[in-house]
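# Observations on the three-dimensional arrangement
Each chain, letter by letter, is given below.
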Amino acid sequence: VLDSMGWLLFRQGRLPEALKYLQRASDLGEEAEIDLHLGEVQWAMGDRDAARTTWRQALERQPDNEELKERLERAGQ
């Protein structure tokens, strides 16, 4: 639910609010989709280093996740 709310807020352009929801969702679980969303919000807010770190850490936990690999490639990693 936290991830869904955070993603909705992101889509509405309410980035600071989205970040809070997605950080909380990420703290509660280790799902790649949550970390993908959290990284997207961080990226959109200009915190590119944090976004790359979020995606790299998620990929370390799930090394076969193609979405994370592709997102990191697009981010220049």
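Reading the values: rules and limits
Residues numbered from 1 in each chain as written. Predicted model: local features only at pLDDT ≥ 70, side-chain atom pairs only at ≥ 80, totals over all residues. Heavy atoms only, no water. Patch = residues over 30% accessible without salt bridge, like charges linked within 9 Å, V, L, I, M, F, W, Y side chains within 5 Å. Areas by Shrake-Rupley, 256 points an atom, 1.4 Å probe, with all protein chains shown as cover. Salt bridge = Lys/Arg side-chain N within 4 Å of Asp/Glu carboxyl O. Lys, Arg positive; Asp, Glu negative; His and termini not counted. Charge placed at Lys NZ, Arg CZ, Asp CG, Glu CD. Helix = DSSP H or I, 4+ residues; strand = E, 2+ residues; numbered from the N terminus. Buried < 20%, exposed > 50% of the residue type's maximum accessible area, 1.4 Å probe, protein only. Expected span 1.5 Å × (residues − 1). Contact = heavy atoms within 4.5 Å. Axes fitted to C-alpha atoms, helices over the stretch in contact; angles between N-to-C directions. Parallel < 35°, antiparallel > 145°, perpendicular 65-115°, else oblique. Left-handed = near helix turned anticlockwise from the far one by under 90°. Nonpolar A, V, L, I, M, F, W, Y, C, P; charged D, E, K, R; others polar.

### Focus on a negative patch on the surface
- A surface patch of negative charge is lined by Glu31, Glu33, Glu67, Glu70 and Glu73.
- The element contributing the most residues to the negative patch is helix α5 (residues 66-74), with three residues.
- As for its position among the elements, Glu33 is in helix α3 (residues 32-44).
- The class of Glu33 is partly exposed, set by a relative accessible area of 47%.

### Things to note about α3
- The end-to-end C-alpha separation of α3 is 18 Å, in line with the 18 Å expected for 13 residues at 1.5 Å each.
- Along α3, ten of the 13 residues are buried, which leaves the element largely enclosed by surrounding structure.
- Within α3, burial applies to Ala32, Ile34, Asp35, Leu36, His37, Leu38, Gly39, Val41, Gln42 and Trp43.
- Residues of α3 that are buried sit in contact with α1 (2-11), α2 (15-28), α4 (48-61) and α5.

### Some words on the packing of α4 against α5
- α5 packs onto α4 with a crossing angle of 150 degrees between their chain directions and a minimal axis gap of 10 Å. When the axis of α4 is compared with that of α5, the two are roughly antiparallel. Handedness of the crossing formed by α4 with α5: left-handed. Across the interface between the two elements, Arg52, Trp55, Arg56, Ala58 and Leu59 from α4 touch Leu68, Lys69, Arg71 and Leu72 from α5.
- In terms of residue class, the contact of α4 with α5 is built from five nonpolar, no polar and four charged.

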